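# Notes for the structure review
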Amino acid sequence: MIHSIVILPLLGFLIACTLSFFKRSASIDRLAEVITCTFIVLAAFFSFYIFIANIGSPSVVSLKLFTWIESGSFSADWSIYLDSVTSVMLVVITSVSALVHVYSIGYMSHDDSKPRFMGYLSLFTFAMIMLVTADNFLQLFFGWEGVGLASYLLIGFWYKKPTANAAAIKAFIVNRVGDFGLALGIFTIFIVFGSIEYENVFNSAAKFSDTQFAFIGYEIHALTLICIFLFIGAMGKSAQLFLHTWLPDAHVEAPTAGSVILAGVLLKMAGYGFIRFSLGIFPIASSYFAPFIFTLSIIAIIYASLVALVQTDMKKLIAYSSVAHMGFVTLGIFTFTLQGIEGAIIQMLSHGIISAALFLCVGVVYDRIHTREIDRYGGLVNRMPIYAFAFMIFIMGSIGLPGTSGFVGEFLVLLSIFSVNTYFAVFATSGVVLAAAYSLWLYRKVIFGSLIKDDLQDILDLSYREIIILFPLAFLTIFFGFYPQPLIDIIEPSTIQLITNIANDVAIAEPASYEPVIKMESEY
């Protein structure tokens, strides 16, 4: 079953892209749709099955498939690694991808390259699954680069538009900055640890707490240097502050289905990487940089929220809100508390659901009016009451209203940061107020008011297909808002173990290990 989750999206990609070389016909399009959707839905079903099975008895599974590269002391395998955090990520990836695949059947019905688009979606899903199920850093890098390639293809899918090409190239180049950091981090890990296997690095990290590494003329604390490199990688791929500029343009130019999968899945990579590697392998270096991460997170929350307030394009507003929401994730992770890390994971899941739904809601009205300008709408509740109700649920979830999944994650994060630093807590809480401001402004401008625009007089409410796609997301938004305990139960054992490891490593570390962090090589 675990193998199927990995293989099915790859098969869907290969078959769909093969079909794209055939002369376009209704039968070819339908075949590509059926194959890719069936495979992704099956992968989502298997992911949910594993997630539910792990609720009662969380376990760790590591399956070696075959040896990939073996040269001297260097060795890397193709493997599948599964624990409670991975099972949560698999649910987010496959469920969002399944809904996007089904949505694309109607959304891309008039496009001449439907098999190619369905193939790109499956490629993105496969790369993401490879990334989160890797058990070594080289396989992680494979998935990381695969996600970058698939993102480039989705953003620039309508390649005849100069703006789409520009947005795709911009996203690719900015992400290469993050890839550069990740690659340097992997090189350093192998030189320091003699291995790139997660287990070997996890188990021996404490032995290298005082190791120095020579880098471009300086002797730098090895674990700190690796942590910095991995942080750069996470910043680029997840559009963190200073490397976020590609995200708004990407969302505007990508097809709506591409925006959904980018926001619902891709932006979770920073949180996943910090939990899996920064805290899991380098807890001492992570605690050393925690105030810096807090500062960046606060700036991201407030800056992105303020920029969202002045947007006139619905996609751009939601894109900037995503940057702000991911600031809460990094904030919670680096509190090193049970509530903070659990809140960050729940926030990642919640944001994956809600942001995907919001982009889908934008796509619904764009399909009818072909504009994303907020001022072009108004009074939709008069013609689209079902749409207005669904949109309201997701807006309330984005705000963090009690009873929605967005509330649970943000509350736990704010609770944890308040226990660590009240100054940061006050600034972070202001982000909740700003989120309410831009979210309610968007909802009021689009939904309420008089229906005075001529082209809105005959606009149709949600179709059955659109209801089927949005209903599961609305259900999950409310379900996890009222009953998040199943999710907490599955992630808590791993979180407790992670916090215990952090406490042990920090307790035995000598303060001198970090003073100074950088020394001139000539001093030795």
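Remember, predicted model here, so these are calculated numbers, not experimental data.

Scanning the entire structure with this criterion turns up zero disulfides. For the unlinked cysteine Cys-37, the closest cysteine sulfur is that of Cys-17, found at 14 Å. Judged by its relative accessible area of 8%, Cys-37 falls in the buried class.

This part is about helix 15 (residues 385–399). For helix 15, which comprises 15 residues, the first-to-last C-alpha distance of 21 Å matches the rise-based estimate of 21 Å (1.5 Å per residue) to within 8%. Counted residue by residue, helix 15 has 11 buried out of 15 residues, so it is predominantly covered. Considered for burial, the residues of helix 15 that qualify are Tyr-387, Ala-388, Ala-390, Phe-391, Ile-393, Phe-394, Ile-395, Met-396, Gly-397, Ser-398 and Ile-399. Contacts made by the buried residues of helix 15 are with helix 13 (314–333), helix 14 (338–369), helix 16 (405–420), helix 17 (422–447) and helix 18 (464–482). A positive backbone phi angle near 95° is found at Gly-400, which sits one or two residues after helix 15.

The next point concerns the confidence of the model for the protein chain. Per-residue pLDDT for the protein chain has a mean of 84; in total, 94% of the residues score no lower than 70. Averaged pLDDT values over the elements of the protein chain bottom out at 38 in strand 5 (residues 518–520) and peak at 93 in helix 15. Of the regions scoring below 50 in pLDDT, residues 510–524 engages in 26 contacts with residues more than four places distant in sequence or in other chains.

Going through the model one piece at a time under the given rule, you end up with nine salt bridges. Between Glu-33 and Arg-30 there is a salt bridge whose closest N-O contact spans 2.8 Å. Taken as a pair, Glu-33 and Arg-30 lie in helix 2 (residues 26–56) at a separation of three residues, close to a single helical turn. Taking relative accessible area as the criterion, Glu-33 reaches 2% and is therefore assigned buried. Arg-30 sits in the partly exposed class, given a relative accessible area of 49%. One salt bridge connects Asp-179 with Arg-176, and the closest N-O pair in it is separated by 3.2 Å. Within this pair, Asp-179 and its partner Arg-176 are both found in helix 6 (residues 162–193), separated by three residues, close to a single helical turn. Connected via shared salt-bridge partners are Arg-30, Glu-33 and Lys-114.

Enumeration over the complete set of coordinates arrives at 24 aromatic pairs. Their ring planes at 75° and their centres at 5.3 Å tell us that Phe-215 and Phe-229 sit as a pair that is edge-to-face. Separated by 14 residues along the polypeptide, Phe-215 in strand 3 (residues 212–215) and Phe-229 in helix 8 (residues 222–237) bring together distant segments of the chain. With a relative accessible area of 21%, Phe-215 lands in the partly exposed category. With a centroid separation of 5.6 Å and 20° between ring planes, the pair formed by Phe-475 and Phe-479 is classed as stacked. Taken as a pair, Phe-475 and Phe-479 lie in helix 18 at a separation of four residues, close to a single helical turn. Under the relative-accessibility criterion, Phe-475 is labelled partly exposed at 46%. Phe-479 gets classed as partly exposed once you look at its relative accessible area, which sits at 31%. Among the aromatic residues, those joined into a cluster by ring pairs are Phe-66, Trp-68, Trp-78, Phe-126 and Phe-142.

Before going further, it helps to examine a nonpolar patch on the surface. Together, Phe-471, Phe-475, Ile-478, Phe-479, Phe-482 and Tyr-483 make up a nonpolar patch on the protein surface, roughly 660 Å² of accessible area in all. As for its position among the elements, Tyr-483 is in the loop between helix 18 and helix 19 (485–508). Here Tyr-483 falls in the partly exposed class, since its relative accessible area comes to 46%.

A word on the environment of Ala-388. By the element assignment, Ala-388 lies in helix 15. By relative accessible area, which is 3% here, Ala-388 ends up buried. Ignoring sequence-local partners within four residues, the contact set of Ala-388 consists of Val-381, Tyr-443 and Ile-447.

Here we come to the pairing of strand 2 (residues 74–82). Counting buried positions along strand 2 gives seven out of nine residues, so the element sits mostly inside the fold. Two strands pair when backbone bridges link them, and strand 1 (residues 61–71) and strand 2 are joined in this way by nine bridges, in the antiparallel orientation. The residue of strand 2 that forms the bridge with Lys-64 is Ser-79.

Moving on, we come to unusual backbone geometry. In this model, Phe-336 sits at a positive phi of 60°, which is unusual for a non-glycine residue. Looking at where Phe-336 falls in the secondary structure, it is placed in the loop between helix 13 and helix 14. Of note, the phi angle at His-370 is positive, near 65°, even though the residue is not glycine. You can see His-370 is positioned in the loop between helix 14 and helix 15. His-370 sits in the exposed class, given a relative accessible area of 56%.

This part covers helix 14. Quick reminder: α-helices carry 3.6 residues per turn. Residues three or four places apart thus point the same way. The terminal C-alpha atoms of helix 14 lie 46 Å apart, and with 32 residues this matches the ideal 46 Å at 1.5 Å per residue to within 8%. Taking burial as the measure, the 32 residues of helix 14 include 27 buried ones, the bulk of the element. Where helix 14 terminates, the next one or two residues include His-370, which has phi positive at roughly 65°.

Reading guide: rules and limits
Residues numbered from 1 in each chain as written. Predicted model: local features only at pLDDT ≥ 70, side-chain atom pairs only at ≥ 80, totals over all residues. Heavy atoms only, no water. Disulfide = S-S within 2.5 Å. Buried < 20%, exposed > 50% of the residue type's maximum accessible area, 1.4 Å probe, protein only. Helix = DSSP H or I, 4+ residues; strand = E, 2+ residues; numbered from the N terminus. Expected span 1.5 Å × (residues − 1). Contact = heavy atoms within 4.5 Å. pLDDT = per-residue confidence, 0-100. Salt bridge = Lys/Arg side-chain N within 4 Å of Asp/Glu carboxyl O. Phe/Tyr/Trp six-rings, centres within 6.5 Å; stacked < 30°, edge-to-face > 60°. Patch = residues over 30% accessible without salt bridge, like charges linked within 9 Å, V, L, I, M, F, W, Y side chains within 5 Å. Areas by Shrake-Rupley, 256 points an atom, 1.4 Å probe, with all protein chains shown as cover. Pairing = 2+ DSSP bridges.

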